[in-house]
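Inside the fold
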Amino acid sequence: MLRCGQMMLAQALICRHLGRDWNWEKQKEQPKEYQRILQCFLDRKDCCYSIHQMAQMGVGEGKSIGEWFGPNTVAQVLKKLALFDEWNSLAVYVSMDNTVVIEDIKKMCCVLPLSADTVGESPPDTLNASNQSKGTPAGRPAWKPLLLIVPLRLGINQINPVYVDAFKECFKMPQSLGALGGKPNNAYYFIGFLGDELIFLDPHTTQTFVDTEENGTVDDQTFHCLQSPQRMNILNLDPSVALGFFCKEEKDFDSWCSLVQKEILKENLRMFELVQKHPSHWPPFVPPAKPEVTTTGAEFIDSTEQLEEFDLEEDFEILSV
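Looking at an unreviewed UniProt entry, one finds the chain named Cysteine protease, with Mustela putorius furo as its source organism. Under the Subcellular location (unreviewed entry) heading, UniProt states for the chain: "Cytoplasm". Its UniProt record gives the chain a comment under Catalytic activity (unreviewed entry), which states: "[protein]-C-terminal L-amino acid-glycyl-phosphatidylethanolamide + H2O = [protein]-C-terminal L-amino acid-glycine + a 1,2-diacyl-sn-glycero-3-phosphoethanolamine".

Here it is, written out as structure tokens:
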């Protein structure tokens, strides 16, 4: 599940920097942004989304090193690690209680553009990667690219067939990043469907360790499909899943909201809810901010004391063993 979370996030970063239509070609020289994305996921503890960082951040979610993660836990881990990642500058929103709150997302993603004084002081990489000031009139809020993750429980021990059509509909949305899930004892990254079969990538393949080469590039062949994607019947899916969506601009999010209202909320038994206002019975929404600790995304978070400023989220997934 850690690897599946990396795959979903990597797809979001490709959409962020290279565009959704970008395709990888073997032996072809790639843009520098692509190489930098790869370096975020190398199996080294100084890489911001390495398996080391994800496992360590999971300690703050009540998961010991080596303990199995579910889709919701991985989503919470990605949300916290993204706070240390200034280059990609993503806003990660993980829905709660099967409810996506439009007001909260707008509050998190609409940020004031950098002032002239701030621009002069900020590191070049941060400015180049961020769209906070590019093409935005002075004083008007800019949109921080959004990674939206919706953890769901679609049944008790197996998926309820009533959710099948709505689940498949999510893959059709142009903002879709697929879904995290699997079946008992196996985690998969689902990227589409064909009829009543889900198409998935299987992370259970041992790969040779790769690192940055002398010229700063990464041997990237094992980061891509060396075998054809596999398929499984949707009714064999474990009911604990997490849907992923990426909205680079505010208009992408508004379009997603319209699609959800048209295709998902029309069902009598809704897969999840989309509401305009923050529910009054919920605690006030506070946009996540980088905690005051001595670590960054480029350093290994090696002490649970550094995680105390994070709010723990209840882990609700039930996995069959």
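Bringing the layout of surface pockets into the picture now. Space inside the largest pocket adds up to approximately 1,600 Å³. Put simply, the parts of the chain that give the lining of the largest pocket at least two residues each are α1 (2-17), α2 (32-40), α8 (164-172), β6 (176-183), β7 (186-194) and β8 (197-201). Among the elements that line the lining of the largest pocket, the one with the most residues is α1, at six residues. When its residues are assigned to classes, the lining of the largest pocket shows 24 nonpolar, 15 polar and five charged.

For the rest of this paragraph, the subject is the confidence of the model for the chain. The predicted structure's coordinates, where accompanied by low pLDDT, should not be read in detail. Of all residues in the chain, 82% attain a pLDDT of 70 or more, and the chain-wide mean is 84. Scored below 50 in pLDDT, residues 116-134 makes 26 contacts in the model with residues more than four places away or belonging to other chains. A low-confidence stretch, residues 294-299 stays under pLDDT 50, and its non-local contacts, those more than four residues away or across chains, total 17 contacts.

Attention now goes to the side chain of Asp220. Relative to the helices and strands, Asp220 resides in the loop between β8 and β9 (230-233). Despite its burial, Asp220 pairs with no opposite charge; the closest candidate is Lys26, at 9.1 Å N-O. Aside from chain neighbours lying at most four places away, what touches Asp220 is Trp24, Gln30, Tyr34 and Leu38.

Criteria and cut-off values
Residues numbered from 1 in each chain as written. Predicted model: local features only at pLDDT ≥ 70, side-chain atom pairs only at ≥ 80, totals over all residues. Heavy atoms only, no water. UniProt positions renumbered as here; feature names shortened; annotations may be inferred. 1 Å grid on protein atoms, 1.4 Å probe; cavity = no way out; pocket = protein on both sides within 12 Å on 5 of 7 lines; lining within 4 Å. Points joined across faces, edges and corners; volume = space filled by probe spheres on them. Helix = DSSP H or I, 4+ residues; strand = E, 2+ residues; numbered from the N terminus. Nonpolar A, V, L, I, M, F, W, Y, C, P; charged D, E, K, R; others polar. pLDDT = per-residue confidence, 0-100. Contact = heavy atoms within 4.5 Å. Buried < 20%, exposed > 50% of the residue type's maximum accessible area, 1.4 Å probe, protein only. Lys, Arg positive; Asp, Glu negative; His and termini not counted. Salt bridge = Lys/Arg side-chain N within 4 Å of Asp/Glu carboxyl O.

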